[in-house]
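# Working through the structure, step by step
Single-letter residue listing:
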Amino acid sequence: MKKAISDSGIEIKPVYNKEDIPSHRSDSPPGSFPYTRGIQPDMYRGRLWTMRQYAGFSTAEESNRRYQYLLSQGVSGLSVAFDLPTQIGYDSDHFMAEGEVGKVGVAIDSLEDMEALFNQIRLEDVSTSMTINSTAFILLAMYVALAKKQGADLKKIRGTVQNDILKEYAARGTYIYPPQPSMRIITDIFEWCSRELPHWNTISISGYHIREAGSNAVQEVAFTLSNGKAYVKAALEKGLDINVFGKRLSFFFNAHNDLFEEVAKFRAARTMWARIMKDFGATDPKALMLRFHTQTGGSTLTAQQPMNNISRVTIQALAAVLGGTQSLHTNGFDEAINLPTEEAASIALRTQQVIAFESGAANTADPLAGSYYVESLTASIEDAARHLIEKVDALGGSVTAIENGFIQNEIAASAYEYQKKIESGEKTIVGLNAFTNDAPEPQAAFSVDDSIREVQIKKLQKLRQERDSSITEHALNEIREAAISGSNLMPPVIKAVEQKITLGEIADTLRKVFGEYKPS
């Protein structure tokens, strides 16, 4: 009989029986430690997952129009994509920003851009997720400054800032500062938000980008939870209370095409994190819970026969729901070709709504519990991921494992093996290496041209002409002094953005203090 092996290297038996479920597996109900079956007793019968659509492109004004459209179509949370210069701390007029302004996300240079981005959107009324890391503290400061201008109660502001720098070193590359000062900035956000923004998720520890870089499901769980452990240790060393900051930790996972492996992955990750936090000393049940956002797998989408991607995204979204996600973004079918069109974004959202209201998947908590296959697979992923975490721990933890290249090499090896299987035909990708046709590949229907940079440059020139240079210099000095003294950076950064100081100016001030990370 032909062998079946998952992408994580787990051999799949032809049939599973009761004996395949390990006897030590917890049978706790949903809402109970270790939360294998979900973090709420009633899961989606109490409240559906937050339906998000990741969007951001061109100018803040153009992105705002897309947000207004998505809100009108029924999204319950916004998810902001920032352009590359914004992600790595360059204003749009910096020479390094040329050719990239507004291309893969929205360009945000100042508080004025943030105001335009959320024009006519009350921040008290929406949950906002911001996919931003090395400059997360600056974008969060702008969001807070805007909320204050709107007269919002900061205690009611809800959302998430990704703020996960370790996966940038390991898998993505949009870092600025070396690991140690970067970790300090992250714990500054933890500390400040615990006092001022109690309902804000201060980090979204991301396995998504680890998976997009080529890892398998086991590596995604292991490296993500290892990074989570590093953040918890850093917060504890700063003297923060694990039962306070632990409640605001969130995770961000990928959903790929292997339905059952993905469901098992989510269940295993939830189980493992609860035990990890308990070992760290957490006692509050909410600090033990792994809450996560899911995005369907961008790297699984094909430019060939792009309508097939609707089926892929449906399977992936269903896996996330069956696995107990708290928030979900579904990719547009055309994302392998261009930024998603309104049609693609609408179909992606409707996919979530069909699953929620027509499929029956949301009617009961953890509907695949008790499946011999899923329970066995959950245990297998947990065991394999724990073994890999132990390797990382033996190296000194995630920071050291990244600095010496271990995690990067593991991901690269996995990506290489996967690509070899596709090219040999061992792994079938419908429309790519099997079931192909002679139809020409579709051309990009939606793109952003380079004129956007000129628009942003004019806005920056006007802003700098209108502000008081002495106030600007004083505010930047306060940031510099806080960076050197070790005091919390959030208050002076919020003050600076309120004084019309730009993202690039703040990032450059800290470049002079912390330096820039250069991988060996």
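Parameters at a glance
Residues numbered from 1 in each chain as written. Predicted model: local features only at pLDDT ≥ 70, side-chain atom pairs only at ≥ 80, totals over all residues. Heavy atoms only, no water. Helix = DSSP H or I, 4+ residues; strand = E, 2+ residues; numbered from the N terminus. Pairing = 2+ DSSP bridges. Contact = heavy atoms within 4.5 Å. Axes fitted to C-alpha atoms, helices over the stretch in contact; angles between N-to-C directions. Buried < 20%, exposed > 50% of the residue type's maximum accessible area, 1.4 Å probe, protein only. 1 Å grid on protein atoms, 1.4 Å probe; cavity = no way out; pocket = protein on both sides within 12 Å on 5 of 7 lines; lining within 4 Å. Points joined across faces, edges and corners; volume = space filled by probe spheres on them. Nonpolar A, V, L, I, M, F, W, Y, C, P; charged D, E, K, R; others polar. Parallel < 35°, antiparallel > 145°, perpendicular 65-115°, else oblique. Left-handed = near helix turned anticlockwise from the far one by under 90°. Salt bridge = Lys/Arg side-chain N within 4 Å of Asp/Glu carboxyl O. Phe/Tyr/Trp six-rings, centres within 6.5 Å; stacked < 30°, edge-to-face > 60°. Lys NZ or Arg CZ within 6 Å of the ring centre and 35° of its normal. Expected span 1.5 Å × (residues − 1).

## What to know about the environment of Ala319
- Tracing the chain through its elements places Ala319 in helix α12 (residues 308-322).
- The spacing of Ala319 and Thr294 is 25 residues in sequence and 9.8 Å in space, taken between C-alpha atoms.

## Brief notes about the sheet that holds strand β8 (residues 203-206)
- If you walk across this open sheet you meet the nine strands as β7-β6-β5-β4-β3-β11-β10-β9-β8, and the pairing is parallel. This sheet does not close on itself; its edge strands, each paired only once, are β7 (200-201) and β8.
- Of the pairings in the sheet, the one linking strand β3 (residues 50-55) to strand β4 (residues 77-81) comprises four bridges and is parallel in character. Counterpart to Tyr54 in the pairing with β4 is Ser79.
- Relative to strand β10 (residues 292-296), α12 is tilted by about 165°, and along the sheet it contacts β9 (249-255), β10 and β11 (327-329).

## Some points on the pairing of β9
- Burial analysis of β9 places seven of its seven residues in the buried class, the great majority of the element.
- Burial along β9 is two-sided: Leu249, Phe251, Phe253 and Ala255 and Ser250, Phe252 and Asn254, pointing in opposite directions, are all buried.
- Sheet analysis places β8 next to β9, joined by four bridges and oriented parallel. Looking across to β9, one finds that Ile203 is bridged to Leu249.
- Note: β9 against β10, five bridges, orientation parallel. Note on β10: the bridge partner recorded for Phe252 is His293.

## Things to note about the layout of surface pockets
- For the second largest pocket, the calculated volume is near 600 Å³.
- Together, 23 residues line the second largest pocket, and Ile5, Asp7, Glu426, Lys427 and Thr428 are the ones closest to its centre.
- The residue makeup of the lining of the second largest pocket, split by class, is six nonpolar, seven polar and 10 charged.

## Comments concerning the packing of helix α1 (residues 60-73) against helix α13 (residues 342-357)
- It is at 11 Å that the axes of α1 and α13 come closest, and there the two elements cross at 30°. By the angle class used here, α1 and α13 are roughly parallel. In this structure, α1 meets α13 at a crossing whose hand is right-handed. From α1, Arg66, Tyr69, Leu70 and Gln73 reach across to α13, where they touch Glu342, Ala345, Ser346, Leu349, Arg350 and Gln353.
- Tallied by class, the residues present in the contact of α1 with α13 amount to four nonpolar, three polar and three charged.

## Some thoughts on the environment of Ala97
- Along the chain, the position of Ala97 falls in the loop between α2 (84-87) and α3 (111-117).
- For the pair Ala97 and Thr86, spaced 11 residues apart in the sequence, the C-alpha separation amounts to 8.8 Å.
- Every residue in contact with Ala97, bar those within four places of it in the chain, is listed here: Pro85, Asp91, Ser92 and Arg453.

## Brief notes about the pattern of salt bridges
- Enumeration over the complete set of coordinates arrives at 34 salt bridges.
- When the shortest N-O distance is used, the salt bridge between Lys229 and Asp393 registers 2.7 Å. In this pair, Lys229 sits in helix α8 (residues 217-237) while Asp393 sits in helix α14 (residues 372-394), placing the two residues 164 residues apart along the sequence.
- Assessed through its relative accessible area of 32%, Asp393 is described here as partly exposed.
- Lys495 is the partner of Glu478 in a salt bridge, and the nearest nitrogen-oxygen pair spans 3.2 Å. With Glu478 in helix α18 (residues 469-485) and Lys495 in helix α19 (residues 490-498), the pair connects residues that are 17 residues apart, well separated along the chain.
- Given the relative accessible area of 22%, Glu478 is considered partly exposed.
- Judged by its relative accessible area of 34%, Lys495 falls in the partly exposed class.
- When salt bridges with common partners are traced through the structure, they connect Asp91, Asp93, Arg464, Arg467 and Glu505 into a single cluster.

## Topic: the packing of aromatic side chains
- Scanning the model with the defined rule gives 18 aromatic pairs in all.
- Between Tyr16 and Tyr373, the ring centres sit 5.0 Å apart and the planes meet at 35°, which makes this aromatic pair tilted. One end of the pair, Tyr16, is in the loop between β2 (11-12) and β3; the other, Tyr373, is in helix α14, and 357 residues separate them in sequence.
- Ring centres of Phe251 and Trp273 lie 4.9 Å apart, and the angle between their planes is 70°; on these two criteria the pair is classed as edge-to-face. Placement of Phe251 in strand β9 and of Trp273 in helix α10 (residues 259-280) is noted, with a sequence separation of 22 residues between them. As far as burial versus exposure is concerned, Phe251 and Trp273 are alike and both buried.
- One aromatic cluster is present, built from ring pairs that chain together Phe251, Phe253, Phe266, Trp273 and Phe292.
- The ring of Tyr16 is capped by Lys13, whose NZ or CZ atom sits 5.9 Å from the centre of that ring.
- The ring of Phe33 is capped by Lys278, whose NZ or CZ atom sits 4.6 Å from the centre of that ring.

## Some points on the packing of α8 against α14
- Where α8 contacts α14, the axes come no closer than 8 Å and their chain directions differ by 45°. Our classification of the angle between α8 and α14 gives oblique. In terms of crossing hand, the pair formed by α8 and α14 is right-handed. The residues of α14 that touch α8, namely those facing Val218, Gln219, Val221, Ala222, Phe223, Leu225, Ser226 and Lys229, are Ile381, Ala384, Ala385, Leu388, Ile389, Val392 and Asp393.
- Split by residue class, the contact of α8 with α14 holds 11 nonpolar, two polar and two charged.

## Quick notes on helix α4 (residues 136-149)
- Its 14 residues give α4 an end-to-end C-alpha distance of 20 Å, which sits within 8% of 20 Å, the value for a rise of 1.5 Å per residue.
- Counting buried positions over the 14 residues of α4 gives 12, a clear majority of the element.
- Count one or two residues on from α4 and you reach Gly151, which has phi positive near 80°.

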